[in-house]
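# A closer look at the structure
Next come the chains, spelled out residue by residue.
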Amino acid sequence: MEKSTDITEVSFRIILHAGNGKGSAMEAIQAAKAGSFEQADELIEEAGRELAKAHEFQTNLIQQEANGGRTELNVLLIHSQDHLMTSMTVRDLAIEIIEIYRTKRGLL
């Protein structure tokens, strides 16, 4: 990774994939609310895939720093990390909410 341009790009990629993941998780809740559990499950899987992509960018930054590299810290990178953690929490809560909807419909 090179200078701040790369950190900016990585930050935006984390934000993009985290946002996609959070969006899919929110759609999954709505699908479950409507009783479309197969669609909800597919959307949760999509959320997981998107969050995994975002997490991979984060992991690469951590590994570079662990190997002695320096990462330029800026507000955009901090925002991307916050966005990723929030999106992962939304996905985790969506899984629980979907389970509640399943239970409510007697499917568990």
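Along every chain, residues carry numbers that run from 1 in the direction the sequence is written. Confidence filtering applies because this is a predicted model: local features only for residues at pLDDT of at least 70, side-chain atom pairs given and counted only at 80 or more, and all residues used for totals across whole chains, interfaces and linings. Calculation of side-chain values draws on the structure's entire complement of heavy atoms; hydrogens and water are dropped beforehand.

An unreviewed UniProt entry annotates the chain as PTS lactose/cellobiose transporter subunit IIA originating from Shouchella rhizosphaerae.

The next thing to look at is the nonpolar core. By nonpolar core is meant a set of buried Ala, Val, Leu, Ile, Met, Phe, Trp, Tyr and Cys residues that side-chain atoms within 4.5 Å join together. The classification of residues rests on relative accessible area computed with a 1.4 Å probe and restricted to protein chains. Under 20% of the type maximum is buried, over 50% is exposed, and intermediate values are partly exposed. The biggest cluster of nonpolar side chains holds 14 residues, and the ones touching the most others in it are Ala28, Ala32, Ala40 and Ile98. Numbering of helices and strands runs from the N terminus; a helix is a DSSP stretch of H or I covering at least four residues, while a strand is a stretch of E covering at least two. Looking at this core, the elements that each hand over two or more residues are α1 (4-33), α2 (37-66) and α3 (75-104). Not counting residues within four places of it along the chain, the set of residues in contact with Ala28 comprises Ala40, Leu43, Ile44 and Ile98. Grouped together as the second largest cluster of nonpolar side chains are 9 residues, Ile7, Val10, Leu51 and Ala54 included. The criterion used for residue contact is that any of the two residues' heavy atoms lie within 4.5 Å.

A separate point is the environment of Leu43. You can see Leu43 is positioned in helix α2. For Leu43, a relative accessible area of 14% gives the class buried. The spatial distance from the C-alpha of Leu43 to the C-alpha of Ala54 is 17 Å, given a sequence separation of 11 residues. Every residue in contact with Leu43, bar those within four places of it in the chain, is listed here: Ser24, Glu27, Ala28 and Ala31.

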